[in-house]
Amino acid sequence: MSNYHIKHLEEYYQVYRKSVRNPEVFWEEIAEEHFMWRKKWDNVLSWDFTKPEVKWFEGAKLNITENCIDRHIYTRGDKTAIIFEPNNPDEDAQHITYRQLHDKVCRFANVLKEKGIGKGDRVCIYLPMIPELAISVLACARIGAIHSVVFAGFSSSALATRVKDCDAKMVITSDGSYRGSKTIDLKGIVDDALNDCEGVESVLVAKRIHSEINMKEGRDHWLEPLLEEAYHDCVPEIMDAEDPLFILYTSGSTGQPKGMVHSSGGYMVYTAYTFKNVFQYRENDIYWCTADIGWITGHSYIVYGPLANGATTVMFEGVPSYPDYGRFWQIVEKHKVTQFYTAPTAIRALAKEGVEHVENHDLSSLKVLGTVGEPINEEAWHWYDDNIGKRKAPIVDTWWQTETGGIMITPIPFATPTKPTYATLPFIGIQPALMDEQGQEIKGNQVDGRLCIKFPWPSMARTIWGNHQRYKDTYFSAFENKYFTGDGALRDEVGYYRITGRVDDVVIVSGHNLGTAPIEDAINEHPAVSESAIVGFPHDIKGNALYGYVILKETGESRNHDNLRKEINQLITEQIGPIAKLDKIQFTSGLPKTRSGKIMRRILRKIASNDTANLGDTSTLLNPDCVKEIMDGVL
Ligand code: 6R9
């Protein structure tokens, strides 16, 4: 029996039992046999959720890029590591072998060093899905710099917030990016952001769209000539297993985005092990995850997990609708993709366009299909199963989070029987618990509650950058001695989990986590707005869309409402990005509040969702009258 590669259900249960009975022995064996360490650990695990403090493989030394690149050169140096598929189907794809990747990462790492970047420095990466993105991530890891990738759809002020929060010394960007038929002026966005970020000493600029851009003397440098001159080898920085590998920001229900900090050793072990099993990756497979590397899915399952396994991973620059809705399937056919991993929102959008975009492509290479990011509804699940996998490729509905680093609840294909809308069973080593509102664990099956994790796993985030107290308050304070996920879940009669959605003020729109507070802050900056509240409501394609209730100042009340709506969405686009725009904006004279002044979002959510049969008790509100006004004016 192999603990590393699980192939059937019996094996899953055996390995699972082993992993939870004696986690340290289990993870030690996985770490020892499948990775390259410069020095072994002194201690496999120490943990205390009350502090909270978790350390895996303490005392071990490694560099993750040796595991993701160097060691493969001897066994599969000429194998393609990354296939880059450009936005425009007429542009040639690029195949980067492991040997070439080594060369590119080393050169890039040397450029970083030459520009004064060293171990522990933060580097912000704001790039489109071009090879330089994966390469710059790995180059940071090579020299022990902490990368903080910011999704290149975020606005300049969202970028500035993230650059400042981690005090980045450098920003890596490109002149611009392609997105379907559009181009985006990325460098202009960076310039705007940096007006406000004094700590940034240099900006490296990759050439992608060949646009005219402004280069600030002394600060900005074109990347290409620097790479050409750089030496092609770079000795890896030897890191402690617990040294931070990267920061990645995720939205909270309140306040600023949270910079989740991930470790070098535990993160590597867990992402590699989950990748191998959840996608049943075999040596000649071609794996494609359609996420952006700006999200955790891209970090763990485009870059680190696949490369640690010596896999071939596809990076797609474009969008599913360009030049037409058959683009994904054309790419599957072209590269003979074997594992395909995407988000429910993409599946719903493509399903809506009809099967004719699928039918003229040969999808017979597909063996495993995956979804991530939000609950998948039954209709989308069946469409995916019938039309893409032709009922032969199991669907892995993978539940996890930026904070968890890797996949936590998921079927193992060909082992776990799947069930639509269920993420099914905990992955090896993961110990979930459902909790009631009194803080008690709910045992047994056919129950639902708040989803927690009882025991540490190697890739859990170790802290929030610069704010350990917030890490404790957010994740370890709701339930004693447990990690609280913020999600609700149910467990069916055989122990399968179904994630029912967020139980806090985070709304997942098209698979992107959006905190309502920062959006409200943006709206409230409009001179005509006095107060606002945002909630999610069900949307056919996006899963959820945003509904805004806005109170205008007296001066704004006479203004044209359609113009105001446009201005509000413009503000949100500037401050956060177009993904956070509101679908509906209702103007009202009041918002339902508790006596302590808290907005009762539960009521607003129900009204926005047209679910007003049972609004609950509104009599205790400070201002019950406004509920009727809001219901009468609902959009
Ligand atoms: C990987 C990722 C995390 C939140 C999470 C949950 C939702 C993710 C899901 C899912 C139902 C799934 N979520 N996968 N809900 N089924 N298979 O998406 O990380 O962006 O941090 O989002 O996404 O609500 O708490 P992140």
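Residues numbered from 1 in each chain as written. Predicted model: local features only at pLDDT ≥ 70, side-chain atom pairs only at ≥ 80, totals over all residues. Heavy atoms only, no water.

As annotated in an unreviewed UniProt entry, the chain carries the name Acetate--CoA ligase and comes from Gaetbulibacter jejuensis. Per UniProt, the comment on the chain under Sequence similarities (unreviewed entry) is "Belongs to the ATP-dependent AMP-binding enzyme family." (UniProt positions renumbered as here; feature names shortened; annotations may be inferred.)

Trainee: Tell me about the overall build of the chain, and please be specific about residues and values.
Mentor: If you tally the helices and strands in the chain, you get 19 helices and 30 strands. Relative to its 635 residues, the chain shows a buried fraction of 60%. Carbon and sulfur atoms provide 45% of the accessible area of the chain, an area that totals close to 24,500 Å². For the chain, the separation between the mean place of its 69 positive charges and that of its 86 negative charges on side chains is 3 Å. (Helix = DSSP H or I, 4+ residues; strand = E, 2+ residues; numbered from the N terminus. Buried < 20%, exposed > 50% of the residue type's maximum accessible area, 1.4 Å probe, protein only. Areas by Shrake-Rupley, 256 points an atom, 1.4 Å probe, with all protein chains shown as cover. Lys, Arg positive; Asp, Glu negative; His and termini not counted. Charge placed at Lys NZ, Arg CZ, Asp CG, Glu CD.)

Trainee: Give me the lowdown on the environment of Leu-571, citing residues and values where you can.
Mentor: On the secondary structure map, Leu-571 appears in helix α17 (residues 561–575). The class for Leu-571 is buried, based on a relative accessible area of 15%. When the C-alpha positions of Leu-571 and His-526 are compared, they lie 7.5 Å apart, and in sequence the two are 45 residues distant. Among all residues touching Leu-571, those that are not within four sequence positions of it are Ala-522, Ile-523, Glu-525 and His-526. (Contact = heavy atoms within 4.5 Å.)

Trainee: Can you explain the environment of Asp-397? Please cite residues and give values.
Mentor: You can see Asp-397 is positioned in strand β20 (residues 395–398). What makes Asp-397 buried here is its relative accessible area of 7%. The spacing of Asp-397 and Thr-424 is 27 residues in sequence and 7.9 Å in space, taken between C-alpha atoms. When near neighbours in sequence (up to four residues on either side) are disregarded, Asp-397 contacts Thr-371, Ile-376, Ile-409, Thr-410, Pro-411, Thr-421, Tyr-422 and Ala-423.

Trainee: Lay out the site of the ligand in plain terms, naming residues and giving numbers.
Mentor: Around the ligand sit 17 residues in total, of which Asp-397, Thr-398, Thr-402, Asp-487 and Arg-502 are the nearest. Take Pro-375: an N or O atom from its main chain is 3.4 Å from a nitrogen atom of the ligand. Between the ligand and Gln-401 there is a distance of 2.9 Å, counted from an oxygen atom to a side-chain nitrogen or oxygen. Across the complex, the protein chains shield 95% of the 530 Å² of accessible surface that the ligand would expose by itself. Contributions of two or more residues to the shell around the ligand are made by α10 (296–308), β20 and β25 (497–502). (Near = heavy atom within 4 Å. Polar contact = N/O pair within 3.5 Å; in protein donor to acceptor, adjacent residues only side chain to side chain.)

Trainee: I'd love a proper account of the packing of helix α16 (residues 516–524) against α17, names of residues and values included.
Mentor: α17 packs onto α16 with a crossing angle of 125 degrees between their chain directions and a minimal axis gap of 9 Å. It follows that α16 is oblique to α17 by the angle criterion. The chirality of how α16 crosses α17 is right-handed. Here α16 contributes Ile-519, Ala-522 and Ile-523 to the contact with α17, which in turn contributes Ile-568, Leu-571, Ile-572 and Gln-575. Across the contact of α16 with α17, the residue classes break down as six nonpolar, one polar and no charged. (Axes fitted to C-alpha atoms, helices over the stretch in contact; angles between N-to-C directions. Parallel < 35°, antiparallel > 145°, perpendicular 65-115°, else oblique. Left-handed = near helix turned anticlockwise from the far one by under 90°. Nonpolar A, V, L, I, M, F, W, Y, C, P; charged D, E, K, R; others polar.)

Trainee: Please set out the sheet that holds strand β24 (residues 483–491) residue by residue, giving values where relevant.
Mentor: Taken in spatial order, the four strands line up as β21-β22-β24-β25 in an open sheet, and their pairing is antiparallel. With partners counted over all chains shown, the strands left at the sheet margins are β21 (432–435) and β25, one partner each. Direction aside, the axes of adjacent strands within the sheet are offset by 45 degrees on average. Where β24 lies against β25, five bridges are found, and the strand directions are antiparallel. Each bridged residue has a counterpart across the sheet, and for Arg-491 the counterpart in β25 is Tyr-497. (Pairing = 2+ DSSP bridges.)

Trainee: Give a description of the side chain of Glu-374 that names residues and reports values.
Mentor: Within the secondary structure layout, Glu-374 lies in the loop between β19 (368–372) and α14 (378–388). Within the structure, the side chain of Glu-374 is placed 3.1 Å from the backbone nitrogen of Thr-345, a separation counted as a polar contact. One polar contact links the side chain of Glu-374 to the main-chain amide nitrogen of Gly-511, over a distance of 3.5 Å. When neighbours within four sequence positions are excluded, Glu-374 is seen to be in contact with Pro-344, Thr-345, Arg-348, Ile-508, Ser-510, Gly-511, Lys-542 and Gly-543.

Trainee: Report on helix α6 (residues 156–165), specifying residues and quantitative values.
Mentor: Buried residues of α6: Ser-156, Ala-158, Leu-159, Ala-160, Arg-162 and Val-163, and no others. For α6, the secondary structure elements touched by its buried residues are β6 (122–125), β8 (170–174), α7 (186–194), β14 (244–250) and α17.

Trainee: Any details on the environment of Thr-573? Residues and values, ideally.
Mentor: Checked against the element boundaries, Thr-573 lands in helix α17. In this structure the C-alpha to C-alpha distance between Thr-573 and Ser-251, which are 322 residues apart in sequence, comes to 16 Å. Beyond its immediate sequence surroundings of up to four residues, Thr-573 is in contact with Ser-155, Pro-578 and Lys-581. A polar atom in the side chain of Thr-573 sits 2.7 Å from the backbone oxygen of Asn-569.

Trainee: Which residues make up the packing of helix α2 (residues 23–34) against helix α9 (residues 265–278), and what values do they have?
Mentor: The interhelical angle for the contact between α2 and α9, taken along N-to-C directions, is 85 degrees, at an axis separation of 10 Å. The orientation of α2 with respect to α9, classified from their angle, is roughly perpendicular. In this structure, α2 uses Phe-26, Trp-27, Ile-30 and Ala-31 to contact α9, whose residues at the interface are Val-269, Tyr-270 and Tyr-273.

Trainee: With reference to specific residues and values, describe the sheet that holds β19.
Mentor: Taken in spatial order, the seven strands line up as β5-β4-β17-β16-β18-β19-β20 in an open sheet, and their pairing is mixed. Every interior strand has two partners, whereas the edge strands, β5 (94–97) and β20, have only one. Each adjacent strand pair in this sheet contributes to an overall mean axis angle of 20 degrees, direction not counted. Where strand β4 (residues 80–85) and β5 come together, four bridges link them in antiparallel fashion. Bridge pairing in β5 links Ile-83 to His-95. Each of β4, β5 and β17 (312–316) touches helix α5 (residues 131–143); the most contacted strand, β17, lies at about 125 degrees to it. This element, helix α11 (residues 327–335), spans β4, β5, β16 (286–289), β17 and β18 (339–342) of the sheet and lies at about 145 degrees to β4.

Trainee: For the packing of aromatic side chains, give the residues involved together with the corresponding values.
Mentor: One pass over the structure, following the stated rule, counts 47 aromatic pairs. When the centroid spacing of 4.7 Å and the interplanar angle of 85 degrees are considered together, the rings of Phe-275 and Tyr-287 count as edge-to-face. With a gap of twelve residues between them, Phe-275 in helix α9 and Tyr-287 in strand β16 connect regions that are remote in the sequence. Here Tyr-301 and Tyr-341 contribute two aromatic rings whose centre-to-centre distance is 6.4 Å and whose plane-to-plane angle is 80 degrees, an arrangement assigned as edge-to-face. Here the residue Tyr-301 occupies a position in helix α10, and Tyr-341 occupies one in strand β18, the gap between them amounting to 40 residues. (Phe/Tyr/Trp six-rings, centres within 6.5 Å; stacked < 30°, edge-to-face > 60°.)

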